[in-house]
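Chain by chain, the residues:
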Amino acid sequence: MNSQNTPVHLKLWHREFWLMSLASLLLTSAVYMLIPVMPLWLMRTENFSSLEIGLSMGAYGLGLYLLGSQCSWLVQHYRRNKVCMLAIFVMGLSIALLYYIDNLRSEFMEFSVILLQRLLLGASFGLAQMVLSSTLIIDTCEAHQRTEANHSSSWFARFAISLGPLAGLLLYTSLGFTYVLYAAVGCVLLSLLLIRCVSFPFRAPEETVHVASLDRFILPVGFVLFLNLLIISVVIGFLFTLSLEPVFYAFVMGGFLLALLAQRFVFRDAELKSEVITGLILLMASLLVMYTSMQSPVAPVLLGVAIGLVASRFLLFFIKLSRHCKRGTSLSTYFLAWETGVALGLTLGYAQFYGNPDALIMCSLAITVVALLMYHFFTHSWFMSHKNR
């Protein structure tokens, strides 16, 4: 069968699933709230160069990998919800560190301190999101509903890609950077409370789990999907380095809603390959519109539809690539591919293209073409021959 439709079960949307999904939305919003705002603060307040800003924002991507190999051991030897809550608490502390830097110091902050803060944020967010998506959300659902649960909960985090920057820019322009930090820490604490409200039964730990392993961390067989998705998300990271208005992200959110409708009605029984191909073509169209007019509402709407179609389909590809016992690992691999690409795009965008949006958009267009050709001529056929479900 070359088409695929994710069914809808009303029984999935119970209290625990709502709480876990909203926690994912809040956690991701807290991270993405800082992406368009923190570089402005580093440049205007801390006198960082564009290269230093790029390296600082990219350090978050390295942090994602620091605790990933210990994820399986931690959730086996300690209560899995406690591990997630501790990671979220550390995440809140790392954001609060920026408040100390911004308000309680009179001198400029050292570049190394900002690098450490971003590494800590990446490590804590990475561990929290891996445990949340690969373990906690799955544990609240029946076995036959888990693919739908993964697909649906991922949309909550996806909406944070637009909601976080929108909220961050509105707060920054009206109240200042301090209130962005208040909002980010508030999101983190609220997500902590939501997870605290869910009861998880005790599970006896496995004795053979190693302290460091690839379980719940990286799915080696998914390298081709990982690379293709990373190339696509680099373009998204590039676009985050542009000076975009809050209304841009509001229109991106509208594009996400259109993507949801398209998945349900347009691509319901379409050929499996069509969704990613359409999404990448729409991404190229969005970049071309942005090249001619940054003020056009068409570009962010197309961008939102493109991200929604491509990211959600790749998530299902990762799930179907893995065996049943490796579902959590495939989800973490998808998460790492997306976030690594965004972090890499932020690094290169600020370090190489800051102040030159035309060159950045043209480079983004070229990368999107490469991603499309890779998917059309190699990735899709590779996936069809390697999938397990």
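Residues numbered from 1 in each chain as written. Predicted model: local features only at pLDDT ≥ 70, side-chain atom pairs only at ≥ 80, totals over all residues. Heavy atoms only, no water.

Colleague: Help me understand the overall build of the chain, please; the structure alone is not making it clear to me.
Modeller: Regarding its fold elements, the chain presents 14 helices and 0 strands. For the chain, the α and β elements follow one another from N to C terminus as α-α-α-α-α-α-α-α-α-α-α-α-α-α. The C-alpha atoms of the chain give a radius of gyration of 20 Å, which matches the 21 Å a tight globule of 389 residues would have. Taking the principal axes of its C-alpha atoms as reference, the chain extends roughly 55 × 45 × 35 Å. Relative to its 389 residues, the chain shows a buried fraction of 58%. Within the chain, contacts between residues at least 6 apart in sequence are counted, and of these 90% link residues at least 24 apart. Surface summary for the chain: the accessible area is close to 15,700 Å², and the carbon and sulfur share equals 67%. (Helix = DSSP H or I, 4+ residues; strand = E, 2+ residues; numbered from the N terminus. Rg over C-alpha atoms; globule rule 2.2 N^0.38 Å. Buried < 20%, exposed > 50% of the residue type's maximum accessible area, 1.4 Å probe, protein only. Contact = heavy atoms within 4.5 Å. Areas by Shrake-Rupley, 256 points an atom, 1.4 Å probe, with all protein chains shown as cover.)

Colleague: Can you walk me through the packing of helix H7 (residues 146–174) against helix H13 (residues 327–353) in this structure?
Modeller: Packed helix pairs are specified by the crossing angle of their axes together with the interaxial distance, meaning the distance between the axes. Between H7 and H13, the shortest axis-to-axis distance is 12 Å and the interhelical angle comes to 20 degrees. By the criterion of interaxial angle, the relationship of H7 to H13 is roughly parallel. The crossing of H7 and H13 is right-handed. Side by side, H7 and H13 meet where Arg 146, Thr 147, Asn 150, Arg 158 and Ile 161 of the first sit next to Arg 327, Leu 331, Tyr 334 and Trp 338 of the second. Residues of the contact of H7 with H13, tallied by class, amount to 4 nonpolar, 2 polar and 3 charged. (Axes fitted to C-alpha atoms, helices over the stretch in contact; angles between N-to-C directions. Parallel < 35°, antiparallel > 145°, perpendicular 65-115°, else oblique. Left-handed = near helix turned anticlockwise from the far one by under 90°. Nonpolar A, V, L, I, M, F, W, Y, C, P; charged D, E, K, R; others polar.)

Colleague: What should I look at first to understand the packing of helix H11 (residues 274–292) against helix H12 (residues 298–321) in this one?
Modeller: Following both chains from N to C, one finds H11 and H12 inclined at 155 degrees, their axes separated by 8 Å at the closest point. By the criterion of interaxial angle, the relationship of H11 to H12 is roughly antiparallel. As for how H11 packs across H12, the hand of that crossing is left-handed. Of H12, the residues touching H11 (which contributes Glu 275, Val 276, Thr 278, Gly 279, Leu 280, Leu 282, Leu 283, Ala 285, Ser 286, Val 289 and Met 290) are Val 298, Ala 299, Leu 302, Leu 303, Val 305, Ala 306, Leu 309, Val 310, Ser 312, Arg 313, Phe 314 and Phe 317. When its residues are assigned to classes, the contact of H11 with H12 shows 17 nonpolar, 4 polar and 2 charged.

Colleague: I tried to follow the pattern of salt bridges on my own but got confused; where do I start?
Modeller: Close approach of charged atoms lets side chains of opposite charge pair. All chains considered together, the criterion is met by 3 salt bridges. The salt bridge involving Glu 16 is made with Arg 15; its shortest N-O contact spans 3.6 Å. The partly exposed category is assigned to Glu 16, whose relative accessible area is 28%. Measuring nitrogen to oxygen at the nearest pair gives 3.7 Å for the salt bridge that ties Asp 215 to Lys 326. Here Asp 215 is found in the loop between helix H8 (177–196) and helix H9 (223–240), whereas its partner Lys 326 is found in the loop between H12 and H13, with 111 residues between them in sequence. (Salt bridge = Lys/Arg side-chain N within 4 Å of Asp/Glu carboxyl O.)

Colleague: I keep staring at the packing of aromatic side chains and nothing clicks. Help me out?
Modeller: Describing an aromatic ring pair means giving the distance of the ring centres and the angle of the ring planes. Within the structure shown, the criterion is met by 25 aromatic pairs. Consider the rings of Phe 125 and Phe 335, whose centres lie 5.6 Å apart with planes at 65 degrees: the pair is edge-to-face. Pair noted here: Phe 125 is in helix H6 (residues 111–139) and Phe 335 is in helix H13, with a separation of 210 residues, a long-range link. Relative accessible area serves as the criterion here: at 10%, Phe 335 is assigned to the buried category. (Phe/Tyr/Trp six-rings, centres within 6.5 Å; stacked < 30°, edge-to-face > 60°.)

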